[in-house]
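# Descriptive structure summary
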Amino acid sequence: MVLFRSSGTALEVRHRHEVLTIVAWGHDSVRVRAAPYRIPAESHGALDRPPATEPPVVKTSDRHAVFVHGELTVDVGFDTAAAYPEPLLTFTRTSTGAELLAERREHFWMPGARVFQGNRSGAYEIHQQFAAYPGEKLFGLGQRTHGRLDIKGLSLDLVQRNAEVCIPFVLSSRGYGLLWNNPAVGRVEFSENVTRWQAGQAREIDYWLTAAPSPAGILARYADATGHPPELPEWASGFWQCKLRYRDQEELLGVAREHHRRGLPMSVIVADYFHWTAMGDFRFDETEWPDVPGMVEELAGMGVKLMVSIWPTVSPLSEHFAEYRDRGLLVGSDQGVEFHQTIQDKGMAVPMPVAFYDPTNPETREFVWDVVRRNYLDQGIDVFWLDASEPELNPAQPGNLAFYAGPGAEVATIYPRDNARLFAEGMAAAGREPTVLLCRSAWAGAQKYGAAVWSGDIPATWQSLREQIRAGLGVALSGIPWWTTDIGGFHGGDAGDPAYRELMIRWFQYGVFCPLFRLHGDREPRTPTSYAQTGGPNEVWSYGDEAYEIISGLLRLRERLRPYIHEQMRAAARDGLPPMRPLFVDHPGDPIAWEVDDQFLFGPDILVAPISGPGQRSRPVYLPAGSRWVDAATGETVDGGTTRDVAAPLDRIPVFTREGADLPWEPA
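Definitions and limits used
- Residues numbered from 1 in each chain as written.
- Predicted model: local features only at pLDDT ≥ 70, side-chain atom pairs only at ≥ 80, totals over all residues.
- Heavy atoms only, no water.
- Helix = DSSP H or I, 4+ residues; strand = E, 2+ residues; numbered from the N terminus.
- Rg over C-alpha atoms; globule rule 2.2 N^0.38 Å.
- Buried < 20%, exposed > 50% of the residue type's maximum accessible area, 1.4 Å probe, protein only.
- Contact = heavy atoms within 4.5 Å.
- Areas by Shrake-Rupley, 256 points an atom, 1.4 Å probe, with all protein chains shown as cover.
- Lys, Arg positive; Asp, Glu negative; His and termini not counted.
- Charge placed at Lys NZ, Arg CZ, Asp CG, Glu CD.
- Core = buried A, V, L, I, M, F, W, Y, C linked by side-chain atoms within 4.5 Å.
- Salt bridge = Lys/Arg side-chain N within 4 Å of Asp/Glu carboxyl O.
- Pairing = 2+ DSSP bridges.
- pLDDT = per-residue confidence, 0-100.
- Phe/Tyr/Trp six-rings, centres within 6.5 Å; stacked < 30°, edge-to-face > 60°.
- Lys NZ or Arg CZ within 6 Å of the ring centre and 35° of its normal.
- Patch = residues over 30% accessible without salt bridge, like charges linked within 9 Å, V, L, I, M, F, W, Y side chains within 5 Å.
- Polar contact = N/O pair within 3.5 Å; in protein donor to acceptor, adjacent residues only side chain to side chain.
- Axes fitted to C-alpha atoms, helices over the stretch in contact; angles between N-to-C directions.
- Parallel < 35°, antiparallel > 145°, perpendicular 65-115°, else oblique.
- Left-handed = near helix turned anticlockwise from the far one by under 90°.
- Nonpolar A, V, L, I, M, F, W, Y, C, P; charged D, E, K, R; others polar.

On to the overall build of the protein. Counting secondary structure elements, the protein contains 11 helices and 40 strands. The C-alpha atoms of the protein give a radius of gyration of 25 Å, which matches the 26 Å a tight globule of 668 residues would have. The C-alpha extent of the protein, read off along each of the three principal axes, is 80 × 70 × 40 Å. For the protein, the proportion of its 668 residues judged to be buried stands at 63%. Considering only intrachain contacts with a sequence separation of at least 6, the fraction spanning at least 24 residues in the protein is 69%. Summing over all exposed atoms, the protein offers an accessible surface of approximately 23,700 Å²; the carbon and sulfur share of this is 49%. The average position of the 63 basic charges and that of the 86 acidic charges among the side chains of the protein differ by 3 Å.

Our focus in this paragraph is the nonpolar core. Counting residues in each nonpolar core, the largest one holds 212 residues, and the members touching the most others are Phe-91, Phe-384, Phe-508 and Phe-513. Ranked by residues supplied to this core, first place goes to helix 10 (residues 545–575) with 11 residues. Setting aside chain neighbours within four positions, we find Phe-508 in contact with Phe-239, Ile-487, Phe-517, Leu-519, Val-540, Ile-551, Leu-554 and Leu-555. Formed by 11 residues, the second largest nonpolar core is a distinct cluster that contains Leu-244, Tyr-273, Phe-274 and Trp-276.

Let us look at the pattern of salt bridges. One pass over the structure, following the stated rule, counts 55 salt bridges. Between Lys-346 and Glu-288 there is a salt bridge, with the nearest N and O atoms lying 3.4 Å from each other. With Lys-346 in the loop between strand 24 (341–343) and strand 25 (352–356) and Glu-288 in the loop between strand 20 (268–271) and helix 3 (292–301), this residue pair connects regions lying 58 residues apart in the sequence. On the basis of relative accessible area, Lys-346 is assigned to the buried category, the value being 9%. What emerges from the salt-bridge pattern is a single network uniting Asp-387, Glu-390, Glu-392, Arg-440 and Asp-457.

Take the sheet that holds strand 34 (residues 600–602) next. The strands making up a sheet are joined through hydrogen bonds of the backbone, oriented either antiparallel or parallel. Judged by pairing direction, the sheet is antiparallel, and its six strands sit side by side in the order 33-34-35-40-37-38 without closing on themselves. A single partner strand is all that each edge strand has here, and the edge strands are strand 33 (580–581) and strand 38 (637–639). The sheet contact formed by strand 34 and strand 35 (residues 606–608) spans two bridges and is antiparallel. Note that in strand 35 the partner of Phe-600 across the bridge is Val-608.

What follows deals with the confidence of the model for the protein. For the protein, mean pLDDT is 97; residues scoring 70 or higher make up 100% of the total. Model confidence for the protein, summarised as mean pLDDT per element, is weakest for strand 1 (residues 3–7) at 95 and strongest for strand 15 (residues 177–180) at 99.

What follows deals with the sheet that holds strand 28 (residues 406–407). Pairing is antiparallel across the open sheet formed by three strands, whose spatial order is 23-27-28. Sheet topology places strand 23 (332–333) and strand 28 at the edges, where each strand pairs with a single neighbour. Judged from the two bridges that link them, strand 23 and strand 27 (residues 401–403) form a sheet pairing that is antiparallel. Looking at the pairing, Ser-333 lines up with Leu-401 of strand 27.

A separate point is the packing of aromatic side chains. Applying the stated rule across the entire model yields 33 aromatic pairs. With a centroid separation of 4.4 Å and an interplanar angle of 35 degrees, the aromatic rings of Tyr-273 and Phe-274 are classed as tilted. With respect to burial, Tyr-273 and Phe-274 carry one shared label: buried. Here the guanidinium or amino end of Arg-518 rests over the ring plane of Trp-454, the centre of that ring lying 5.3 Å away.

What follows concerns a nonpolar patch on the surface. The grouping of Tyr-84, Phe-108, Trp-109 and Met-110 at the surface amounts to a nonpolar patch, some 450 Å² of accessible area in total. Secondary-structure assignment places Met-110 in the loop between strand 9 (99–102) and strand 10 (114–118).

Let us now look at unusual backbone geometry. Residues Glu-390 and Pro-391 are joined by a peptide bond in cis, for which omega reads 0 degrees. Cis geometry marks the peptide bond from Asn-394 to Pro-395; its omega dihedral reads 0 degrees. Assignment of secondary structure puts Pro-395 in the loop between strand 26 (383–386) and strand 27. The backbone phi angle of Tyr-37 is positive, close to 75 degrees, even though this residue is not glycine. Among the structural elements, Tyr-37 can be located in the loop between strand 4 (29–36) and strand 5 (57–60). Positive phi outside glycine occurs at Phe-282, with the angle close to 55 degrees. Using a relative accessible area of 4% as the deciding quantity, one classes Phe-282 as buried.

What follows deals with the side chain of Ser-464. Looking at the secondary structure, you find Ser-464 in helix 8 (residues 462–476). Among the polar contacts listed, one links the side chain of Ser-464 to the backbone oxygen of Pro-459, at a separation of 3.1 Å. Aside from chain neighbours lying at most four places away, what touches Ser-464 is Ile-458, Pro-459 and Trp-507.

Contact pair helix 5 (residues 362–375) / helix 7 (residues 415–429): the axes reach a minimum separation of 9 Å and the direction vectors enclose 60 degrees. In this view, helix 5 runs oblique relative to helix 7, as classed from their interaxial angle. Here helix 5 and helix 7 pass one another in a crossing that is right-handed. Residues Arg-365, Val-368, Trp-369 and Val-372 of helix 5 form the contact with helix 7, whose own contacting residues are Asp-418, Arg-421, Leu-422, Phe-423, Glu-425, Gly-426 and Met-427. Classifying every residue of the contact of helix 5 with helix 7 by side-chain character gives six nonpolar, one polar and four charged.

Next up on the list: a negative patch on the surface. A cluster of acidic side chains, namely Asp-545, Glu-546, Glu-549 and Asp-651, defines a negative patch on the protein surface. With respect to the helices and strands, Glu-549 occurs in helix 10. Residue classification places Glu-549 among the exposed residues on the basis of a relative accessible area of 61%.

So, in structure tokens, the structure goes:
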């Protein structure tokens, strides 16, 4: 026997110990939750409140229910002929009746499609199983290093790691988007025979599904459900200069002054880690940075903002450590002491254990922000780099963590989102406009706090550049419109090596069309991680005359493109449409556009085809059907729906603009 109960925007389904709810959650969208006995009262997922929407139409009978909500119909079947029947959901497009996605049992006997295996703690290992479909393409799931855009066929961990950003949202070529609204550590398998989501410890199954009629519509519905990003501040679209690391105030100012002397554009320069007295103090070391307000004022006079690196780590030598510890503001441990990383911070003769603050705790957010406000914001600094915010664990055992929000196994993946929340709420409380929070990790909903993801500590290799192209598109399709890489890669790179100079040029040519435009890296000669390290030269004039001429031209091109970029950023804030996106988002009716994974659109009017191999001086470029395209280098107009071999000498990559677009490609 199955019991149905409908009320307003929801349908409740009960069978044996399981309760399942289907709730209208935005246009053409539903939220599905299931648990033994009762739905938990508290959720730490990304779905705070349902967007305004029309009411669904619900029809029930003894063994069947239909929930119709715009273009999404949910059919709840109960097959009494099965040995162990259970309610099974099928999602179809209302206007056509086409199946989008359907639950499938793990076994014809048992278990079923929704599995709860208790662990005697009140939580469960959970599985949610769906059918797999031949020819389906799946995109998103955050930022990964596997080098794929289409993630169909992959098995992926749901955990935060350096350069692996877990945002459990996928967009399907079948016409739906699905958010696994569960921050537990787990795994997803997009196999040929089945799709299965799994969490090692959770209280419920919780997912959201939309059937908006286009990829752009799916992204818009997803933003409605999880939060729209703010508009990108005007200063943030320019060039960001960074290296590992400027050791003191005079070194940093010297670079900014040289940029200014050369007439090179710069919007942001960065004071990286170890500028502080100790981790957790969140203030400049006065012996190295004696006049922070004066430095900020001089930079502002050159049109440059200062960004500071803020790690969520707390040294036992911090002036605030006792208060963090005694007020319960640190991430706890299921077993062992409250230290989860090792590093050689200021005052340490050798690497020592450090703790992490717990941003899921409202008191922690209030305390940390008060320190940041006094030591940075009140000094004129309002741009924050939230590094190591997965958090970066050693050893990497998130299940051993204990948070205010719950056990690490159940909630660990929300750490970077709530870390961004700390700073967004603090800025709002201070009456300040949203800023850019450069984060090494994120989770669903982080975009509404102004989280800008970069791709982490990646190698300085051609293979890594190829991976970034797909990684950036994957995270864009996961709801994060603000993204960038360390131009040139992070780990390594010799500024005097001609081979590396070629890679740097190609990476800059790609980077000028990323949502954020940022140079960073730990160049040769490299030194062990500690407060004494600095890294080799990493300024645009460090790579020789030929590279300097090309790169300086790219900096000026970026300046000319900034009005266009802000048009796209306004669209991102309004519609959830990322400026950097795969071809199929704008051309869903073109089958080839769904296949191309090494080109992208930068807004609707610029098509970019990066060069990602040494010595490569041409490449094939596919031009999507439905438009005519203009070669930015030659001015030639070409019909869409065609592939052309395009020249790519060292000073340019293939770029096409949509016919009729008014873009300042050449200097005035």
